[in-house]
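Take a look at the letters that make up each chain.
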Amino acid sequence: MEIASTTSPSSSPLATRAPLVILNPTANQGRMQRYRALVRQRAAATGADYCETTQAGQAERLAREAASQGRPIIVVGGDGSIHEVVNGILSSGQRVPLGIIAAGSGNDFAYNTLNLPRHPEAAVERAFDGEPKPIDAGQANERYFANSFSVGLDADIAAGARQLKKIPFMTGMRLYYSSTLRQLLFGYRRCPWLRFSLVPVDSAAPPAATFQRYVLLAVTNGPTYGSGFRINPGASPDDGLLDLCAIRYAPLGRALRLLPVVKRGEHAALPEVHFYRLQQLTIESRLPLNVQMDGEVFHGQRYEIRVLPQALLVRR
């Protein structure tokens, strides 16, 4: 880990609350020179501490320690980096301001959920000086997520995307479309048997309590995931609710035709699709399966999911 500290032990007591900047040097396929220069310059000018991660899980540990001390945090990276930092903050039991400088391949949470600036200079300005505003987060068992949780085909797509990231120029929409097509063509037969239970907060009928075959169950805090797929077009990060899109199994040929419809967020009228708004949700699978949270892949068979209203303070 590289640390460039701008404070010293002899500083005033407030020095312990200097912001901590956490940069992931492997984000954006390692093309982080511009972000690094901008952020280090601003950190030096504002008295923030700067560090770069060197291994998975380090951002979460650093964020937990900083949040426990009441320090604001700024993360520079993609959705995975944000996922780690959010878990560090929420597991600390403290609510501290979080600045986000999106520098990943998808950036769904920053761009499409929070509408943060895409230009690096503007993103740095907002992350350091933007007004902290409360937004919701999600919890799945003992883990937290900022933007999305899902099981089924899309979790397998996320797992495949992690492998495809090793290929040069495989980023953003190209990355997720390539992984999606590969999973549809070669992994679609593994669509899982799932059942889920919830109490809808609107007029939607509750789901059947039996195992059924699903293409996916996607719970989101914002409208998109997977680099722009508008899976829950009406989702809002500050309404105290999570949104669920459940897509029942359909033959592969139909699934291929529906892919661009789902991408555009125009799938509400499809007979295979149901939407729910919820505070709590239980998902069970007949077999262990991939689970994705903010693009990070985990494995499990039963998940208890709930919304954490206004759990985060994000500079917007």
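This one's a predicted model, so the numbers in the text were calculated from it and none came from an experiment.

Take the nonpolar core next. Of all hydrophobic cores here, the largest spans 32 residues; its most connected members are Ile 22, Ile 73, Val 85, Leu 98 and Ile 100. For this core, the secondary structure elements donating two or more residues are strand S2 (20–23), helix H2 (58–68), strand S4 (73–77), helix H3 (79–92), strand S5 (97–102), helix H4 (108–113), strand S6 (132–140) and strand S14 (296–315). Among residues more than four places away in sequence, those in contact with Ile 22 are Cys 51, Thr 53, Ala 59, Leu 62, Ala 63, Ile 73, Ile 74, Val 75, Val 76 and Val 85. The next biggest cluster of nonpolar side chains, apart from the first, holds 23 residues, and it includes Val 151, Phe 196, Tyr 276 and Ile 305.

Further remarks concern the pattern of salt bridges. Scanning all chains against the criterion turns up 13 salt bridges. Of the charged contacts in the structure, one is a salt bridge between Glu 60 and Arg 64, with a shortest N-O distance of 3.1 Å. With Glu 60 and Arg 64 both in helix H2 and four residues apart, this pair spans about one turn of that helix. When its relative accessible area of 13% is taken as the criterion, Glu 60 is described as buried. Judged by relative accessible area, which is 30%, Arg 64 ranks as partly exposed.

Further remarks concern a nonpolar patch on the surface. Residues Leu 181, Leu 185, Phe 186 and Leu 256 make up a contiguous nonpolar surface patch of roughly 390 Å² in combined accessible area. The dominant element in the nonpolar patch, judged by the number of residues it contributes, is helix H7 (residues 172–186), at three residues. Residue position: Leu 256 is located in helix H8 (residues 252–263).

Looking now at the packing of helix H1 (residues 33–46) against helix H5 (residues 120–129). Contact geometry of H1 with H5 gives a least axis separation of 10 Å together with a crossing angle of 35°. H1 and H5 meet at a crossing whose hand is right-handed. Along its contact with H1, which presents Arg 34, Tyr 35, Leu 38, Val 39, Arg 42, Ala 43 and Thr 46, the element H5 presents Pro 120, Glu 121, Val 124, Glu 125, Phe 128 and Asp 129. Split into classes, the residues belonging to the contact of H1 with H5 amount to seven nonpolar, one polar and five charged.

For the rest of this paragraph, the subject is the layout of surface pockets. In this structure, the second largest pocket encloses a volume near 200 Å³. Looking at the lining of the second largest pocket element by element, the count peaks at six residues for strand S13 (residues 280–293). Looking at the lining of the second largest pocket residue by residue, the classes come out as five nonpolar, four polar and three charged.

Our focus in this paragraph is H5. Those residues of H5 lying buried are Pro 120, Ala 123, Val 124, Ala 127 and Phe 128. The buried residues of H5 occupy one face: seen down the axis, they fall within an arc of 120°.

Now for the packing of aromatic side chains. If you walk through the whole model with that rule in mind, you get five aromatic pairs. Considering the side-chain rings of Phe 196 and Tyr 214, the 5.8 Å spacing of their centres and the 65° angle between planes classify their relative orientation as edge-to-face. Placement of the pair is Phe 196 in strand S9 (residues 193–198) and Tyr 214 in strand S10 (residues 212–220), with a sequence separation of 18 residues. Residue Tyr 214 is classed as buried on the basis of its relative accessible area of 5%. Ring pairing ties together the aromatic residues Phe 145, Phe 149 and Tyr 303, which thus form one cluster. The ring of Phe 128 has Arg 42 lying over it, and the distance from NZ or CZ to the ring centre is 5.5 Å.

Glancing now at H1. Helix length check: H1 (14 residues) gives 20 Å between terminal C-alpha atoms against 20 Å at 1.5 Å per residue, within 8%. Those residues of H1 that are buried lie in contact with S2, strand S3 (49–52), S4, S5 and H5. Looking one or two places after H1, you find Gly 47, whose phi comes out positive at around 80°.

Quick look at the pairing of strand S8 (residues 148–152) now. Of all five residues in S8, five are buried; the element is thus mostly enclosed. Every second residue of S8 is oriented toward a common face, with Ser 148, Ser 150 and Gly 152 on one face and Phe 149 and Val 151 on the other, all of them buried. In this sheet, S13 lies alongside S8 in antiparallel orientation, the contact comprising three bridges. Residue pairing for S13: Ser 150 is matched across the bridge by Gln 292.

Thresholds applied
Residues numbered from 1 in each chain as written. Predicted model: local features only at pLDDT ≥ 70, side-chain atom pairs only at ≥ 80, totals over all residues. Heavy atoms only, no water. Core = buried A, V, L, I, M, F, W, Y, C linked by side-chain atoms within 4.5 Å. Buried < 20%, exposed > 50% of the residue type's maximum accessible area, 1.4 Å probe, protein only. Helix = DSSP H or I, 4+ residues; strand = E, 2+ residues; numbered from the N terminus. Contact = heavy atoms within 4.5 Å. Salt bridge = Lys/Arg side-chain N within 4 Å of Asp/Glu carboxyl O. Patch = residues over 30% accessible without salt bridge, like charges linked within 9 Å, V, L, I, M, F, W, Y side chains within 5 Å. Areas by Shrake-Rupley, 256 points an atom, 1.4 Å probe, with all protein chains shown as cover. Axes fitted to C-alpha atoms, helices over the stretch in contact; angles between N-to-C directions. Left-handed = near helix turned anticlockwise from the far one by under 90°. Nonpolar A, V, L, I, M, F, W, Y, C, P; charged D, E, K, R; others polar. 1 Å grid on protein atoms, 1.4 Å probe; cavity = no way out; pocket = protein on both sides within 12 Å on 5 of 7 lines; lining within 4 Å. Points joined across faces, edges and corners; volume = space filled by probe spheres on them. Arc of directions from axis to C-beta. Phe/Tyr/Trp six-rings, centres within 6.5 Å; stacked < 30°, edge-to-face > 60°. Lys NZ or Arg CZ within 6 Å of the ring centre and 35° of its normal. Expected span 1.5 Å × (residues − 1). Pairing = 2+ DSSP bridges.

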